[in-house]
Amino acid sequence: MRQFIKLFIISYLLFPVTVMAQNADRGKKHSFEIKNGEFVYDSKPVQIYAGEIHYARIPQKYWKHRLQMVKALGLNTICVYVFWNHHNTQPGVWDFKTGNRDIVKFIKMAEEEGLFVILRPGPYACAEWEFGGYPWWLQKNKDLVVRENNPAFLDSCKQYINQLVGQVGPLQVTNGGPLIMVQVENEFGSYVSQRKDIPLSEHRKYNETIKNLLREAGFDVPLFTSDGSWLFEGGTLPGVLPTANGENNIENLKKTVNQYNGNQGPYMVAEFYPGWLDHWMEPFVRVPEEKIVAQLEKYLQNGVHFNFYMVHGGTNFGFTSGANYNNKFDIQPDLTSYDYDAPISEAGWATSKYMAIRDVMKKYVNYAIPEIPDRIPVISIASIPLKKSVSLWDMKEQIKPVISDKPLSFEDLNQGHGYVLYSRKFNQPIEGKLILKGLRDFATVYVNGERVGVLNRINNQYEMDIQIPFDATLDILVENMGRINYGAKITENTKGIISPVFINEFEIGGDWNMYSLPFDKQMDISRYPQKNIAGTPAVYSGEFPLDKVGDTFLDMSSWGKGIVYVNGHHLGRYWNAGPQQTLYLPGCWLKKGKNEILIFEQLNDTGKNEISAVEKPVLDQLK
């Protein structure tokens, strides 16, 4: 009890410094260092109570609201990944200014709310994000191997880090900004344990090089690594603070950090999980709030610094969701929703978990925790009429194909995301077993325009019986469902059909026509004829008026599989397999008056003439 009282008094004295100091004398140089086993801000010890949010997963107009939600939870810091591919959209093309890519604005906004910022720039991020944050086109360089001591890769990393520091360097605490710490790589010890084929000395050279690139570029604040505590041997670096992800045992945390940090702290859990990630075709994961609250009190009572991962997840808009895999499934694509069962929901709502955490934080801090911001208004839309639908086969006629003797990958076609239609004419009949061992990731198969089957990397389903008559066309529509973001197979991330196609033992070569369907923007389908044939892919469009706007959730439960655009914004993937059955539509992307919607429906088992939007998300219904 005496020790508890002592810790409580220390916390009481430290908190005002952490919350208010960075707002005083804005622009004045400050210091943040790791000294005598503590985090020290302007010569005074501070506690770091952080929550992770990702600006890339939130519409820019909602950034302030989400930051205020973090502050009202009782936290004093935000932790944030930077996704390389979010900013380096094409080779040589950098975007740090438009929409939710304006990282400088985001960090300054955090400062205005009185929050410190911890940056996690990778270059590898994971985060259930497409390719773990790497640009897809890195794979086009055959000499480049990601996440290795590889000259071509490290040169690309250097360009990225230099570009990033050019943006955020002035926002470091040493320049008067709120940025206090930067992470080196991410969970590298985990990767070392998975890639025992690479000598440990080579792993360490790579990790050390990333640290040096960060320093040389101009990051002068303290650096840290994060790993499971049992993986420190492969992931830690001399002179860099080790932090332990997911470590619930206080004694183990302190023992392991001491071992790799000169027998002293500070002791930080860089990822404290109040929820967990979710995949298509798997149950939505719920983490009990009682478990989180009990663990939180342990951290607070023992002077442990922490970061809620995630405090607010947001949304994998567009084609930004990544994928995992395990011994059972060759790929486990992540949901469009990154709700994460986090304290702040996907739409920014305070959950019961949020309220329970807030109550605990109130017991341990002496500064006033602000009131919870008002919830952004929510609306429902009873019916959105879909006035037009067009057939993919008509669209195909107006796309110039790439012709090759063998199927080409997305990367070979210089396409990152979306779909590719692989088409081949057969002058002679053939039947047997269609084998697509190189399918990446989801395919619908058609003979003369009629669907004859579905192949699916998620279920490890790579072959099916097929009968192709004389003078017939085989079409295979392949969807990239997100590149692997975690594990040894991150180096095996090409998409499309990446190996020969067989029917029985015969390789089907010659005259493959490949039609690119990147869906990188909302299409205009007005030039195509009205047509909708059940069982064949279709694009639907419609308009709907609104006299008021607000957040809403498109009800996709009666649809099959596809993507949705509203007013030019790509909301992401849907799939009635679940568990996600709705798509979050931020109200800031809607307009009073006329709004436009476009839906690409891959399966199209039945024609549609309307869609509706509801006031609550459905994220936990498997079919």
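It should be emphasised that the depicted structure is a prediction, and the values quoted were computed from it without experimental measurement.

About the criteria used
Per chain, residue numbering runs from 1 following the sequence as it is written. Local features are withheld for residues below a pLDDT of 70 in this predicted model, meaning they are given only at 70 or higher, and side-chain atom pairs are given and counted only at 80 or more; totals for whole chains, interfaces and linings count all residues. Hydrogens are left out, water is left out, and the side-chain values use all remaining heavy atoms of the structure. Starting at the N terminus, helices and strands are each numbered in turn, a helix being any DSSP run of H or I of at least four residues and a strand any DSSP run of E of at least two. Just to be clear, the radius of gyration here is over C-alpha atoms, and the globule rule we use is 2.2 Å times residues to the power 0.38. We call two residues contacting when some pair of their heavy atoms lies within 4.5 Å. Accessible areas in this description were obtained via Shrake-Rupley with a 1.4 Å probe; residue shielding takes into account the shown protein chains only. This count recognises Lys and Arg as positive and Asp and Glu as negative, with His and chain-terminal groups excluded. Charged groups are reduced to one reference atom each: NZ for lysine, CZ for arginine, CG for aspartic acid, CD for glutamic acid. Between any two strands, at least two bridges found by DSSP are needed for them to pair. Note on geometry: axes are lines fitted to C-alpha atoms, helical ones only across the stretch in contact, with angles between N-to-C directions running from 0 to 180 degrees. Residues enter a nonpolar core if they are buried and are Ala, Val, Leu, Ile, Met, Phe, Trp, Tyr or Cys, with the set joined through side-chain atoms within 4.5 Å. Burial here depends on accessible area, computed with a 1.4 Å probe over protein chains only, as a share of the maximum for the residue type. Under 20% is buried, over 50% is exposed, and the range in between is partly exposed. With respect to orientation, any angle under 35 degrees is reported as roughly parallel, any angle over 145 as roughly antiparallel, any angle of 65 to 115 as roughly perpendicular, and every other angle as oblique. Here is the rule for handedness: rotate from the far helix to the near one, and if that takes an anticlockwise turn smaller than a right angle the crossing is left-handed, while a clockwise turn gives right-handed. We call Asp, Glu, Lys and Arg charged. Ala, Val, Leu, Ile, Met, Phe, Trp, Tyr, Cys and Pro are nonpolar, and the rest, Gly among them, are polar. Only rings of Phe, Tyr and Trp enter the pairing, Trp through its six-membered ring, and a pair is recorded when the two centres are within 6.5 Å. The plane angle decides the type: under 30 degrees is stacked, over 60 is edge-to-face, the rest tilted. A ring has a charge above it when a Lys NZ or an Arg CZ is no more than 6 Å from the ring centre and no more than 35 degrees off the ring normal. Identification of polar contacts relies on pairs of N or O atoms within 3.5 Å, with a donor-acceptor requirement for protein atoms, meaning one able to donate a hydrogen and the other able to accept it, and with residues adjacent in sequence counted only if both atoms are side-chain atoms. Any helix carries an expected span of 1.5 Å times its number of residues minus one. The term disulfide is used for any two cysteine sulfur atoms that are within 2.5 Å. In what follows, salt bridge is the name for a side-chain nitrogen of Lys or Arg lying within 4 Å of a carboxyl oxygen of Asp or Glu. Each residue gets a pLDDT score, which is the predictor's confidence in that residue and runs from 0 to 100.

Engineer: Explanation requested: the overall build of the protein chain in the structure shown.
Structural biologist: Scanning the protein chain from terminus to terminus reveals 12 helices and 34 strands. Against the globule reference of 25 Å for 623 residues, the protein chain gives a C-alpha radius of gyration of 25 Å, in line with a compact fold. For the C-alpha atoms alone, the extent of the protein chain along its principal axes is close to 85 × 60 × 40 Å. Contacts spanning at least 24 positions in sequence make up 79% of the contacts within the protein chain whose residues lie at least 6 apart. Carbon and sulfur atoms make up 49% of the accessible area of the protein chain, which amounts to about 23700 Å² in all. Charged side chains in the protein chain number 65 positive and 69 negative. The centres of these two groups are separated by 4 Å.

Engineer: I keep staring at the sheet that holds strand S2 (residues 38–41) and nothing clicks. Help me out?
Structural biologist: Sheets are built from strands paired through backbone hydrogen bonds, the pairs being either parallel or antiparallel. The sheet built from 3 strands is open, its strands ordered S1-S2-S3 with antiparallel pairing. The open sheet has two edge strands, strand S1 (32–35) and strand S3 (44–46), and neither has a second partner. For this sheet, the mean inter-axis angle between neighbouring strands, taken without regard to orientation, is 45°. The pairing of S2 with S3 spans 3 bridges and is classified as antiparallel. Looking across to S3, one finds that Tyr 41 is bridged to Lys 44.

Engineer: What's the story with the nonpolar core in this structure? I'm lost.
Structural biologist: Inside soluble globular proteins, nonpolar side chains tend to come together where they are buried. By size, the foremost hydrophobic cluster in this structure holds 134 residues, and its most contacted members are Leu 119 and Leu 554. The greatest single-element share of this core, amounting to 8 residues, is contributed by helix H5 (residues 151–168). For Leu 119, the residues in contact, after removing those within four places along its chain, are Val 80, Val 82, Ile 103, Ile 107, Leu 164, Val 168, Leu 179, Met 181, Val 182, Gln 183, Phe 219 and Phe 224. The next biggest cluster of nonpolar side chains, apart from the first, holds 27 residues, and it includes Phe 410, Ala 443, Leu 455 and Ile 468.

Engineer: Is there a simple way to think about unusual backbone geometry in this case?
Structural biologist: The phi angle of most residues is negative, glycine excepted, and most peptide bonds adopt the trans form. Across the junction of Tyr 309 and Met 310, the peptide omega takes the value -5°, indicating a cis bond. Note on placement: Met 310 falls in the loop between strand S11 (305–308) and strand S12 (323–324). In this structure, Pro 579 follows Gly 578 across a cis peptide bond, with omega equal to 10°. Position of Pro 579 among the secondary structure elements: in the loop between strand S31 (569–575) and strand S32 (582–585). The backbone of Asn 36 sits at a positive phi, close to 55°, despite the residue not being glycine. Relative to the helices and strands, Asn 36 resides in the loop between S1 and S2. On the basis of relative accessible area, Asn 36 is assigned to the exposed category, the value being 64%.

Engineer: What's the story with the pairing of strand S18 (residues 430–435) in this structure? I'm lost.
Structural biologist: On a regular strand, each side chain points to the face opposite its neighbour's, so the side chains alternate between the two faces of the sheet. Of the strand pairs in this sheet, S18 and strand S22 (residues 463–468) are connected by 6 bridges, and their pairing is antiparallel. Of the residues in S22, the one forming a bridge with Leu 434 is Met 464. Of the strand pairs in this sheet, S18 and strand S25 (residues 502–503) are connected by 2 bridges, and their pairing is antiparallel. Bridge pairing in S25 places Leu 434 opposite Ile 503.

Engineer: Looking at this structure, I do not really get the packing of H5 against helix H7 (residues 200–217). What am I missing?
Structural biologist: Pairs of packed helices are described in terms of their axes, by the angle between the two and the distance that separates them. Where H5 meets H7, the axes come as close as 9 Å, and the angle between the chain directions of the two elements is 30°. Classified by the angle between their axes, H5 and H7 sit roughly parallel to one another. Handedness of the H5/H7 crossing: right-handed. Residue-level inspection shows Phe 153, Leu 154, Cys 157, Lys 158, Ile 161, Asn 162 and Val 165 of H5 in contact with H7, the latter providing Tyr 206, Thr 209, Ile 210, Leu 213, Leu 214 and Ala 217. Of the residues contributing to the contact of H5 with H7, the split by class is 10 nonpolar, 2 polar and 1 charged.

Engineer: How should the packing of aromatic side chains be read in this particular structure?
Structural biologist: Geometrically, a pair of aromatic rings is defined through the distance of the ring centres and the angle of the planes. The tally for this structure, following the rule as stated, stands at 43 aromatic pairs. Lying over the aromatic face of Tyr 338, Arg 57 brings its terminal NZ or CZ to 3.7 Å of the ring centre. In this structure, Lys 561 is placed above the aromatic ring of Phe 442, and the distance from its NZ or CZ to the ring centre is 4.6 Å.

Engineer: Help me out: how do you make sense of the side chain of Asn 76 in this one?
Structural biologist: Position of Asn 76 among the secondary structure elements: in the loop between helix H2 (63–72) and strand S5 (77–81). At a separation of 3.0 Å, a polar atom in the side chain of Asn 76 contacts the main-chain carbonyl oxygen of Gln 47.

Engineer: Help me understand helix H11 (residues 352–364), please; the structure alone is not making it clear to me.
Structural biologist: An α-helical segment advances 3.6 residues per turn. Residues three or four places apart therefore align on the same side. Between the first and last C-alpha of H11 there are 19 Å, a value that for 13 residues agrees with the 18 Å anticipated at 1.5 Å per step. Restricting attention to buried positions, one finds in H11 the residues Lys 353, Tyr 354, Ala 356, Ile 357, Arg 358, Val 360, Met 361 and Tyr 364.

Engineer: Honestly, the environment of Ile 372 in this entry has me stumped. Any pointers?
Structural biologist: Position of Ile 372 among the secondary structure elements: in the loop between H11 and strand S14 (381–385). By relative accessible area, Ile 372 is classed as partly exposed at 25%. Here Ile 372 is in contact with Met 69, Ala 72, Ala 350, Tyr 354, Met 355 and Arg 358, once residues within four sequence places are set aside.

Engineer: Looking at this structure, I do not really get the sheet that holds strand S29 (residues 552–555). What am I missing?
Structural biologist: With respect to topology, 4 strands assemble into an open sheet ordered S14-S34-S29-S32, the strand pairing being antiparallel. The outermost strands of the open sheet, each flanked by one partner alone, are S14 and S32. Shown here is a sheet whose adjacent strand axes are inclined to one another by a mean of 30°, direction ignored. Bridge analysis of S29 against strand S34 (residues 610–614) gives 2 bridges, and the strand direction is antiparallel. Of the residues in S34, the one forming a bridge with Phe 553 is Val 614.

Engineer: Sorry, what's going on with the packing of H2 against helix H4 (residues 103–112) here?
Structural biologist: Axis separation between H2 and H4 bottoms out at 10 Å; the angle between their running directions is 40°. Between H2 and H4, the angle is such that the two are oblique. The interaxial crossing formed by H2 with H4 has right-handed handedness. Contacts between H2 and H4 involve Trp 63, Lys 64 and Leu 67 from the first element and Lys 105, Phe 106, Met 109 and Ala 110 from the second. When grouped by side-chain class, the residues that make up the contact of H2 with H4 number 5 nonpolar, no polar and 2 charged.

Engineer: Quick question: what am I supposed to make of the state of the cysteines here?
Structural biologist: Simply put, the disulfide is a covalent bond whose two ends are the sulfur atoms of two cysteines. Across all of its chains, the model carries 0 disulfides by this definition. Looking at Cys 126, it has no disulfide partner, and the nearest cysteine sulfur is the one in Cys 79, 14 Å off.

Engineer: It is not clear to me how the pattern of salt bridges should be interpreted in this structure. Could you clarify?
Structural biologist: A side chain with one charge can pair with a side chain of the opposite charge if their charged atoms come near. Across all of its chains, the model carries 24 salt bridges by this definition. Here Arg 195 makes a salt bridge to Glu 148, at a shortest N to O gap of 3.5 Å. Within this pair, whereas Arg 195 is found in the loop between helix H6 (188–194) and H7, its partner Glu 148 is found in the loop between strand S6 (116–120) and H5, the two being separated by 47 residues in sequence. For the salt bridge of Glu 479 with Lys 561, the shortest nitrogen-to-oxygen distance reads 2.5 Å.

Engineer: Can you help me understand the confidence of the model for the protein chain in this one?
Structural biologist: In low-pLDDT regions, the fine details of the predicted coordinates are not to be read closely. For the protein chain, per-residue confidence averages 95 on the pLDDT scale, and residues scoring 70 or more make up 96% of the total. For residues 1–24, every residue scores under 50 in pLDDT, and the model assigns this stretch 46 contacts once sequence neighbours within four places are set aside.

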